[in-house]
Amino acid sequence: DGGITQSPKYLFRKEGQNVTLSCEQNLNHDAMYWYRQDPGQGLRLIYYSQIVNDFQKGDIAEGYSVSREKKESFPLTVTSAQKNPTAFYLCASESREYEQYFGPGTRLTVT
Amino acid sequence: QKEVEQDPGPLSVPEGAIVSLNCTYSNSAFQYFMWYRQYSRKGPELLMYTYSSGNKEDGRFTAQVDKSSKYISLFIRDSQPSDSATYLCAMNDYKLSFGAGTTVTVRA
């Protein structure tokens, strides 16, 4: 059963703590993406990776970090430097035909 | 000005009506055009994918791209309550750019 998984579905953290969101895919896609979704703003690109051991900043990378040590995995760390971390986070992988497939998302709440 | 403009709605239609959604864009380099459907608190699901200008039909869904006008549309025929969702347009040059999404409610 191919697809993208994200965990956890809901995450609660105190302000000042770093938190890591998991994203795994078994679609054998090279490219993976992290987006943030806020009400009324659509999806904004945080980081993306076209290949293992390489990644690029997106439009709103400040306060976030990623790694891409395996093709299947692209974890996102939300650091304490991110000023407004409460949001819905979506991970996607991309086929060679540029179709992006999304995971179910992680809703992060920081208080 | 945003690269991709999409009216957020909300749009409410009776069951069986045709739903018409559209986006405009400013970047002439966009080549691939997509529509995603997103149910509340879920990840977006790829609905339609088109390359360049023209029409593409898939069941009750029709996607249109007019590159000369920088305008894309999605039509949903015979709409059902299960079509109630947020619809996001997206387009691609080296990365995917999304519209803000239009929230659609189909009333039974």
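To be clear, the structure that these remarks concern was listed above.
Being a predicted model, the structure only gives us computed values, none of them experimental.

Cut-offs used in this document
- Residues numbered from 1 in each chain as written.
- Chains lettered and ligands numbered in written order.
- Predicted model: local features only at pLDDT ≥ 70, side-chain atom pairs only at ≥ 80, totals over all residues.
- Heavy atoms only, no water.
- Contact = heavy atoms within 4.5 Å.
- Buried area = accessible area lost by both parts, 1.4 Å probe.
- Salt bridge = Lys/Arg side-chain N within 4 Å of Asp/Glu carboxyl O.
- Polar contact = N/O pair within 3.5 Å; in protein donor to acceptor, adjacent residues only side chain to side chain.
- Helix = DSSP H or I, 4+ residues; strand = E, 2+ residues; numbered from the N terminus.
- Nonpolar A, V, L, I, M, F, W, Y, C, P; charged D, E, K, R; others polar.
- Disulfide = S-S within 2.5 Å.
- Buried < 20%, exposed > 50% of the residue type's maximum accessible area, 1.4 Å probe, protein only.

Draft legend 1. Spatial organisation of the interface of chain A and chain B. Facing the 23 residues of chain A at the interface are 18 residues of chain B. Both sides of the chain A and chain B interface together cover about 1,600 Å² of buried area, and 56% of this is carbon and sulfur. Inspection of the region where chain A meets chain B yields one salt bridge. Between A:Asp59 and B:Lys95 there is a salt bridge whose closest N-O contact spans 3.5 Å. Across the chain A-chain B interface, the total number found is three residue pairs in polar contact (both at pLDDT 80 or more). Those elements that provide at least two residues to the side of chain A that touches chain B are strand S4 (31-37), strand S5 (43-51), strand S9 (87-94) and strand S10 (100-102) of chain A. By residue class, the composition of the side of chain A that touches chain B is eleven nonpolar, six polar and six charged.

Draft legend 2. Expanded view of the state of the cysteines. On inspection of all chains with the given rule, the structure shows two disulfides over all chains. Each sulfur of the disulfide joining A:Cys23 and A:Cys91 lies 1.9 Å from the other. In this structure, the disulfide formed by A:Cys23 and A:Cys91 twists by about -75 degrees around the S-S bond and is classed as left-handed. With A:Cys23 in strand S3 (residues 19-25) and A:Cys91 in strand S9, the pair connects residues that are 68 residues apart, well separated along the chain. A:Cys91 matches A:Cys23 in its accessibility class, with the two residues each being buried. Between B:Cys23 and B:Cys89 runs a disulfide, and the two sulfur atoms are separated by 2.0 Å. One quick way to see it: the torsion about the S-S bond of B:Cys23 and B:Cys89 is about -105 degrees, and its sign makes the bridge left-handed.

These results come straight from atomic positions and should not be treated as a statement about function.
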